[in-house]
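Observations on the model geometry
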Amino acid sequence: MNLFLAMVVICGLDVYFLKDSPDLLVRIVPERQVEQLTLKYSFTGEMWGSMTVQKQGQFFDAKIKTPLDARIVGLYCVRDDGSVDDKDGQLYLYELSIYPRMLMPFSIADLEVVIAQADKKITSKVHVDEAITLLDYADGILNVLPYVPDSPGETRKNMLQEEVNRLKVLVGR
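Residues numbered from 1 in each chain as written. Predicted model: local features only at pLDDT ≥ 70, side-chain atom pairs only at ≥ 80, totals over all residues. Heavy atoms only, no water.

**Considerations on the nonpolar core**
By size, the foremost hydrophobic cluster in this structure holds 23 residues, and its most contacted members are L13, V26, I28, L39, F43 and L75. Looking at this core, the elements with two or more residues in it are β1 (12–17), β2 (24–29), β3 (36–44), β5 (59–64), β6 (72–79) and β8 (92–97). It is β3 that provides the largest number of residues to this core, a total of 4 residues. Discounting residues that sit within four places of it in the chain, V26 has contacts with L13, D14, V15, L39, F60, D61, A62, I64 and L75. Counting residues in hydrophobic clusters, the runner-up holds 20 residues, among them I108, L111, A118 and A131. (Core = buried A, V, L, I, M, F, W, Y, C linked by side-chain atoms within 4.5 Å. Buried < 20%, exposed > 50% of the residue type's maximum accessible area, 1.4 Å probe, protein only. Helix = DSSP H or I, 4+ residues; strand = E, 2+ residues; numbered from the N terminus. Contact = heavy atoms within 4.5 Å.)

**Some thoughts on the side chain of S97**
Structurally, the position occupied by S97 is in strand β8. Apart from residues lying up to four places away in sequence, S97 is in contact with F17 and M102.

Shown next, in the form of structure tokens:
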């Protein structure tokens, strides 16, 4: 049990801002021994960049040039043996703001909760103005949300966008 817990704690992918820079440091702690991997990253839609990352000590560190207007970054890794670390098909997603600095992990499931809250407010006709704010937020995120083309993530994104559009019609937007 303790070994499993230690593996959970020391494996994964984390993102940090570089000091005095809008750019990001992506630190990957591999769950199994590999010498190199390819980091895939996107700040919007289906446009993906990639870079080969060599192991440096225990970690793989990559520096990503971040557009100043970036709102989201999506990440996943392809190991040298061809296996993929994409958080079980969900991608590693972070909402970000360059000024003021903010970097917050989130998931598609989080967006589903936001949309469900908006739906509940609209259906009950209570705090509809809050529902509109939630829908505007979800719509803004979905418009730039990174996804891998022809993947279950793209399908989920499209389904959520349809739900947001349906709810917007209900409130006359």
